[in-house]
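Now for the letters of each chain:
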Amino acid sequence: MDFKQSLLSYLSHHCFLRSCFSDSSETMINLFKIKGQKREEAANAVGRGNVKKQSAGELRLNKDISELNLPNTTSICFPNGKDELMNFEISIRPDEGYYFGGMFTFTFQVSPSYPHEPPKVKCKTKVYHPNIDLEGNVCLNILREDWKPVLNINTVIYGLNLLFSQPNDEDPLNHEAAAVLRENPKLFESNVRRAMSGGYVGQTYFPRCLFGPPTR
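Predicted, not measured: the structure shown is a model, and the values here were computed from it.

A. Spatial organisation of the overall build of the protein chain. Assigned secondary structure in the protein chain consists of 6 helices and 6 strands. Ordering the α and β elements of the protein chain from the N terminus gives α-α-α-β-β-β-β-α-α-α-β-β. For the protein chain, the residues scored as buried account for 44% of the 216 residues in total. Accessible surface, the protein chain as shown: approximately 11700 Å² in total, 51% of it carbon and sulfur.

Set out below in structure tokens:
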């Protein structure tokens, strides 16, 4: 099954209504809707020539964020406040598979030329994963050769979720992890749990990223 088929399957299984949003994410998205409405009102008001003009990328991103339909595994935050639209973070808490129980945070940097070029996405959480290297670079084809302007932030978020439910050993950034997944899935599972619990896999230390209480 290729990535596009996997993404469609994932969306059909995991696409939840807005009632599945975390309260904080939904509140922030609503703030962006209100902000956009107020900006439009200000731009149409007589004598308001000092309203800052948004780039095409900002306008499109504002629309994408206001229309987000996050799965219940995912939350979004804007560390620099609601006025800094082009840089934000999402956190994913997988509810199945090898990475169940972990929490993984990704940064998004969106350029003014969006959607003609994809957002730059990096993983802040150090993770043992075949498609994410130890520097946080992410191997996701829709962030590279398969990106098209019709895609949006929601598509990228679902693609990132798919990496945790279906890690791919055929297009790796972490070749060692990919080889273990391919040749010894049980060992791969053990390595993932050790890394998420806070410990060494080989010579590499991984800080704890489980969001439950520490096991004793």
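Let us keep going from here.
B. Seen up close, the sheet that holds strand E4 (residues 120–123). If you walk across this open sheet you meet the 4 strands as E1-E2-E3-E4, and the pairing is antiparallel. Two strands in the sheet have a free side with no partner beyond their single neighbour: strand E1 (74–77) and E4. Here the average twist between neighbouring strands, direction ignored, is 25°. Sheet topology note: the strand E3 (residues 104–109)/E4 ladder contains 4 bridges and is antiparallel. Each bridged residue has a counterpart across the sheet, and for Gln109 the counterpart in E4 is Lys120. In the packing of helix H4 (residues 153–165) onto the sheet, the strands contacted are E1, strand E2 (87–92), E3 and E4, and the crossing angle to E3 comes to about 150°.

C. Region of interest: the pattern of salt bridges. Applying the stated criterion to the full structure yields 6 salt bridges. A salt bridge links Glu67 to Lys63, with the shortest nitrogen-to-oxygen separation between them at 3.3 Å. Judged by its relative accessible area of 46%, Glu67 falls in the partly exposed class. The salt bridge involving Arg144 is made with Asp171; its shortest N-O contact spans 2.9 Å. With Arg144 in the loop between E4 and H4 and Asp171 in the loop between H4 and helix H5 (175–183), this pair connects stretches of sequence that are 27 residues apart. Salt bridges sharing common partners tie together Arg144, Glu145 and Asp171.

D. Spatial organisation of the environment of Lys120. Examined against the element boundaries, Lys120 turns out to sit in strand E4. Considered as a pair, Lys120 and Gln109 are 11 residues apart in the sequence and their alpha carbons are 5.0 Å apart.

E. Region of interest: the UniProt feature "active site" (unreviewed entry) in the protein chain. Taking the numbering used here, the UniProt-annotated feature "active site" (unreviewed entry) corresponds to Cys139. In contact with Cys139, not counting residues within four places along its chain, are Asn131, Arg144, Leu163, Asp171 and Leu173.

F. Looking closely at the nonpolar core. Counting residues in hydrophobic clusters, the biggest one holds 45 residues, and the most contacted among them are Leu61, Phe88, Ile90, Phe106, Phe108, Tyr128 and Leu160. Element by element, the count of residues in this core is highest for H4, at 6 residues. Excluding its chain neighbours within four sequence positions, the residues that come into contact with Leu160 are Ile90, Ile92, Phe106, Phe108, Val121, Val138 and Leu140.

G. Highlighting the pairing of E2. Most of E2 sits inside the fold, with 5 of its 6 residues counted as buried. Looking at chain direction, E1 and E2 are connected through 4 bridges and run antiparallel. In the strand pairing of E2, Ser75 is matched with Ser91. As defined by bridge partners, E2 adjoins E3 across 6 bridges and the pair is classed as antiparallel. Bridging from a neighbouring strand, Asn87 pairs with Gln109 of E3.

The rules behind these values
- Positions within a chain are numbered from 1, following the residues in the order the chain's sequence is written.
- Reporting of local features is limited, given that this is a predicted model, to residues whose pLDDT is at least 70; pairs of side-chain atoms are given and counted only at 80 or more, and all residues count toward the totals for whole chains, interfaces and linings.
- With hydrogens and water set aside, each side-chain value is computed from the structure's full complement of heavy atoms.
- Counting from the N terminus, the helices are the DSSP runs of H or I reaching at least four residues and the strands are the DSSP runs of E reaching at least two.
- Only protein chains enter the calculation, and the probe is 1.4 Å; a residue is then buried if its accessible area is under 20% of its type maximum, exposed if over 50%, and partly exposed in between.
- Computed with a 1.4 Å probe, the accessible areas rest on the Shrake-Rupley method; for each residue, only the protein chains presented here act as cover.
- DSSP bridges decide pairing: two strands pair if at least two such bridges lie between them.
- Orientation is described by axes fitted as lines to C-alpha atoms, over the contacting stretch for helices, and by angles from 0 to 180 degrees between their N-to-C directions.
- By the convention used here, residues are in contact when the closest approach between their heavy atoms is within 4.5 Å.
- Note on definitions: salt bridges are taken to be side-chain nitrogens of Lys or Arg within 4 Å of carboxyl oxygens of Asp or Glu.
- UniProt positions are given in the numbering used here, feature names are shortened, and annotations may be inferred rather than shown by experiment.
- Nonpolar cores were defined as sets of buried Ala, Val, Leu, Ile, Met, Phe, Trp, Tyr and Cys residues, with membership established by side-chain atoms within 4.5 Å.

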